[in-house]
Amino acid sequence: MVTPTLPSSLEHGSNQWNYDIFLSFRGEDTRKNFIDHLYSALVRVGIHTFRDDDALRRGKNISTELLNAIRGSRISIVVFSQGYASSKWCLDELVEIVHCKNTKSHTLFPVFYHVSPSDVRNQTGTFTESFARHAERFQEDLMRVKRWRAALTEAANCSGWDLESVSNGFEAKFIEKITREILHQLHPNRLNVAKHPVGIDFRIMEMKALLNLETNDVRIVSVHGMSGIGKTVIAKAVYNQISDGFEGSSFLLNIKETSRQSDGLFKLQKILLFDILKNRDFPFENVDSGIYLIKKLLARKKVLVVLDDVDHVDQLSALAGNSDWFGAGSRIIATTKDEHLLKQLGNYKKYKVEELACTDSLELFSWHAFKMPHPMEDYQELSISVVKYTGGHPLALEVLGSFLLGRSITEWKSTVEKLQKMPDHHIQKILRVSFDSLDETTMDIFLDIACFFIGMDAKYVAKILDGCGFFPDIGISNLARRSVVTIDCHNKLRMHDLIRDIGREIVRESSCKDLGRRSRLWFHEDVFNVLNSEHMESHVVEGLMLNPPAPKEIHLKTDAFAKMKNLRLLQINNVNLTGRFELLSKELRWLCWHKCPLKILPPKFHLENLVVLDLQHSNFIEVWKENMIFNKLKVLNLSYSKNLCKSPCFSQVPHLQMLILEGCISLVELHDSVRYLEGLVLLNLKGCKNLRNLPKSISKLESLETLNLSGCLELEKLPENLGDMLALKELFIGGTAIKQLPSSLSFLMNWKGLSLSECKEQFSGSWLSRFSSLLSPRNWNPRTLLQASVPGFDTLGKLVLRDCNLSEDKIPLDLGGFPSLQRLDLSENNFRILPDGISGLSKLQNLYLDQCKSLYSISGLPANIETLTAFCCSSLETLSFSSSSELAALYLGDCSNLVDIQGLNLESNIQVDLVGCNNLSYDFSKSVLQSTRTNYTPCYRMIIFPTSDIPNWFSNQEMGPSISFHVPSLSEGDFRILYICAVYTCTEMFRLDTGIEWSQIKMAVHNKTKGYQQIILPAAPSILHVNHSANLFLFRWSILRNKFVILGNSYKIMELVSGDEIEFSFDLGALAEVKKCGVHVLVDAPNIMDKNASDIQYICSDTVTDRVSEDDAFVVDEVSESGFSIDSKVCENDISTNDEIFEADAATNGVVFEGHVATH
């Protein structure tokens, strides 16, 4: 039976109460059995209980004392037994109890002990006989009897407990339940969450989805993130919401701090057992005994345990060593800075606490700085500056907001300026907890990343740090586990600005005044001060970065570096360095010198310990003389050194792994000594347009995995024995003059990527067909390109055949030999229908058919395709998908003859771009826009459609680039779907075949009531196509609990609050303008309370299919500056149209060969 909640005045306790519980019962029935056991159970857990046989003081009038005891108790438990109604004393007690219930903060709980609630309610059964006697005895006072009857009826209608229905007659279990629920009513398990819990609701929803409370398994969830990010706040909020659903619960705060005490873990075990079992008398004296008791006593109980701030496996072992310690349905939550600490518990879910959205950040900051949810008018810009500095870190927002409360604008400006140079000490004190236990080597890795390597490729940085002896694989992993660094989807190292500033402050504190005594120098003014001072000591400097913001060239002498004997890391971009290079440190591991003016490296330059040499955009004609030794060099990047005419000799570079010569347009040949590079994994010669041949010895590179020759215009052939490179996985030869491929390629077994773009027919016949013959020695039929008989191509994941003159007549293509293919680019070819075998590519996800001008029909696509692009297919008339299609993005711009698209599923997350498809049938056009309106399945959707009209079902329409609407009030029901749209057309500045980068489009949502706004970057192709016709783009958001996801540089949650004025605005730049726009809201089962009812459309909940659940409410996997993916289905790189579809993607079956060495 559901237990009612106590009046709010009782939840915080009060001194007005003499007792917690008043027990009302018929002594003859229950005093020596049930009541005695119930009373003992209540007292044992600390509940102050009144029972008339030991609480009354002798010599007093019993009746008066009972009345005072009832009025002085917070709760009355009335135990109805068979003889209860026979006692006029009990009935008088009950009348007073009901009166107190109705006139003051008093709660009544009935207990039905071997009686039916209906007998009590209706005075039937044994109660009939009792009231017959009362009616006869009190004929002169029948109003008294009437009051007794009314009191019984009202009491029986209260929520309470029935012995038979609750515990099937078992009294011990019955008493345990009563005691537990009474204890919870008196002392609810409620924790103080936060003074201003901004942004907490959506996080609670995500956590509850992970906890999946409906299942009966034991589930463990790790809440991880950096210090001060809000882990404990979220755990408290979740605990408050769900703890009532468990037999017992415990929230153990500050475990890290408590466990450092000599008996800390022992104390925590006792607290855990008491919280759940309410018994202080457990006979154990050490941690091992505690483990035994926890396992024994809680193994059959459904419990909720929260372990706050766990940082060591010993703490887990003592408190929650395994899921089988607890009963079915139990949930264990642990907050920690270490993402992987809970691995020892077996299967568990992870929840990473991200920074607050910018709108939530501004609101939280405003509550602390202005005591209201938005900034004061004159402080708007300053507030935004502070919020940007914090990067959405809740603790920083709270600290800085409280500090700035009540201060003048002058003080605000001074604070903002100071923060740019010196972090707030209180914020740092909290955040430094993440670094307390770092060993010296891991600390060095952290400081190097914080000062020099943020935004660089993680593998690239790891090579440098490995050369410094820092064991980066485990070190970076440890930092990532603690949320000190993150590695993004492009494998770049990222770090929160506040964490970065802590690292730099640690370096600064080592020598506050003497810059030369700091281990790392990164700020260009500090670097200049040290380098230009003859008297400043600098022997402790290990890293120096000079990458000035201005493009002007800087002139320095090598003498300035003479004292830096321990210099490991040196970046001097755009610096003209002259003098004696032997003065530079022999300890250099990383030299990054972009725009180096030297024509050749000086022979006395000590680079024997160098690991990475990055000399992009330099002036080299020849890099070094043959006698220079680079025993430890692993990465050499000479990209875009336009004067480099020949590569260096590699005979003294035995350990080189990456050689990047991209864009070296004067390079004619690759030195034959390349054969000595036995460990070379990547060779990038892309864009070396004067490279005429490759040395035959290149085939000796048995470790080479990626060879990029794209854009080598003069390269006519490959070495015949190229197939000896057995490790080769990716080959890119698009845009070359190659006429013949070596037959030895048929022996390669590990293909992942192959690009043959722009390999048009050079002579009579087809070199591509000959290539097919060479690779398929068992089948010399030129009508097949590749056959499954070539086992190496079973693993090929990416294939680019752009502009290869493919057609049914000249070069037929059978794709059946590529079972692992995931990305296929057939753009700019001449076939009329899709090649054979494409329907059997069960793993194909992305298909590119742009500018296939002869293609008139697309059908037979595999169901698993997620992205299809077919821009400018001018002959295309029909397109069809299977009923089981998983399509998430369809881009068909300027397919001017397209009439119909069959099987397009608009009931899922999907993007559709139909700009310039002006011949679509009326029925199809109508079905697209009508389905968008009438289908209520929860999904995100974007449609770009050729029309000059906004659909007439949009309830709010305005001319111009912006529109506002007021959120109506709902007494019941929920907002379900939000639509926004805009009709746009080109301006006078428009040029043919022009598009607008989505990153340049400013699409904003502005809550004008609360004073904050957010730029939206919808999931979209890389460009918004523009032509001379008008087009409509329409976005649809699903709304859950009146909240929807705003997708910008990171995803945020906006709540639709009744009365708020929301404005959407569009700025498409100089090439296009918005003519009109619209907003439309759908509400489920509404009851509209105000005048804004006309702004929305009502939908019946019966028509809503597949209502969104908390498990899949809002799933946003990736956000970038120009796109994001939903459910991992679409990302910005999916719409690339040339070799970059491989160069930009390291996620699937490939080795990144472009961007291994970051440009800074």
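Up top you'll find the structure we're talking about.
All figures in this text were calculated on a predicted structure; none of them were measured in a lab.

Peer 1: Provide a residue-level description of the nonpolar core, including the pertinent values.
Peer 2: With 119 residues, the main nonpolar core has F561, L685 and L849 as its most contacted residues. Counting only elements with at least two residues in this core, the list comes to α27 (524-531), β14 (543-546), β15 (554-557), β16 (569-572), β17 (575-578), β34 (910-913), α29 (922-934) and β35 (941-945). Take this core: its biggest share by element is 3 residues, from α27. In this structure, F365, V387, L438 and C468 belong to the second largest nonpolar core, which totals 85 residues.

Peer 1: Which residues make up the sheet that holds strand β31 (residues 878-880), and what are the values?
Peer 2: Ordered in space as β29-β31-β33, the 3 strands form an open sheet in which the pairing is parallel. Whereas interior strands pair on both sides, the edge strands pair on one side only; in this sheet they are β29 (857-858) and β33 (900-902). Relative to β31, β29 runs parallel, the two sharing 2 bridges. Within the sheet, the bridge partner assigned to S857 lies in β31 and is T878.

Peer 1: How would you explain the packing of helix α19 (residues 380-390) against helix α20 (residues 394-404) if you had to name every residue and give the values?
Peer 2: Helix-helix packing is characterised by the crossing angle of the two axes and by the distance between the axes. Taken N-terminus to C-terminus, the directions of α19 and α20 make an angle of 145°; their axes are 9 Å apart at the nearest point. Along this stretch, α19 crosses α20, giving a crossing that reads as right-handed. Together, V386, V387, Y389 and T390 of α19 and A396, L397, L400 and L404 of α20 make up the contact between the two elements. When its residues are assigned to classes, the contact of α19 with α20 shows 7 nonpolar, 1 polar and no charged.

Peer 1: Describe unusual backbone geometry, and please don't skip the residues or the numbers.
Peer 2: With a phi close to 60°, D309 is a non-glycine residue in the positive phi region. Tracing the sequence through the fold places D309 in strand β8 (residues 303-310).

Peer 1: Break down α20 for me, with residues and values.
Peer 2: In terms of burial, α20 is largely enclosed, as 8 of its 11 residues are buried. Burial in α20 covers these residues: P394, L395, A396, L397, V399, L400, G401 and L404. Residue G406 follows α20 closely and has a positive phi angle near 80°.

Peer 1: Summarise the pairing of strand β7 (residues 248-252); cite the residues concerned and give the values.
Peer 2: For β7, the buried fraction is high: 5 of the 5 residues fall into the buried class. Because side chains alternate across β7, one face comprises the buried residues G248, S250 and L252, and the other comprises S249 and F251, equally buried. Across 5 bridges, the pairing between β7 and β8 is parallel. Its bridge partner being in β8, S250 is matched across the sheet by V305.

Peer 1: If you had to explain the side chain of T335 to someone new, which residues and values would you point to?
Peer 2: One can find T335 in strand β9 (residues 331-336). Discounting chain neighbours no more than four positions away, the residues touching T335 are V223, K231, T232, A235, L307, D308, D309 and V310.

Peer 1: Describe the packing of aromatic side chains, listing the residues and the values that go with them.
Peer 2: In the structure shown here, the tally under the stated rule is 27 aromatic pairs. The ring of Y39 carries R51 above its face, with NZ or CZ at 3.9 Å from the centroid. Sitting over the face of the ring of F403, R407 holds its NZ or CZ atom 4.1 Å from the ring centroid.

Parameters at a glance
- Residues numbered from 1 in each chain as written.
- Predicted model: local features only at pLDDT ≥ 70, side-chain atom pairs only at ≥ 80, totals over all residues.
- Heavy atoms only, no water.
- Core = buried A, V, L, I, M, F, W, Y, C linked by side-chain atoms within 4.5 Å.
- Buried < 20%, exposed > 50% of the residue type's maximum accessible area, 1.4 Å probe, protein only.
- Helix = DSSP H or I, 4+ residues; strand = E, 2+ residues; numbered from the N terminus.
- Pairing = 2+ DSSP bridges.
- Axes fitted to C-alpha atoms, helices over the stretch in contact; angles between N-to-C directions.
- Left-handed = near helix turned anticlockwise from the far one by under 90°.
- Contact = heavy atoms within 4.5 Å.
- Nonpolar A, V, L, I, M, F, W, Y, C, P; charged D, E, K, R; others polar.
- Phe/Tyr/Trp six-rings, centres within 6.5 Å; stacked < 30°, edge-to-face > 60°.
- Lys NZ or Arg CZ within 6 Å of the ring centre and 35° of its normal.

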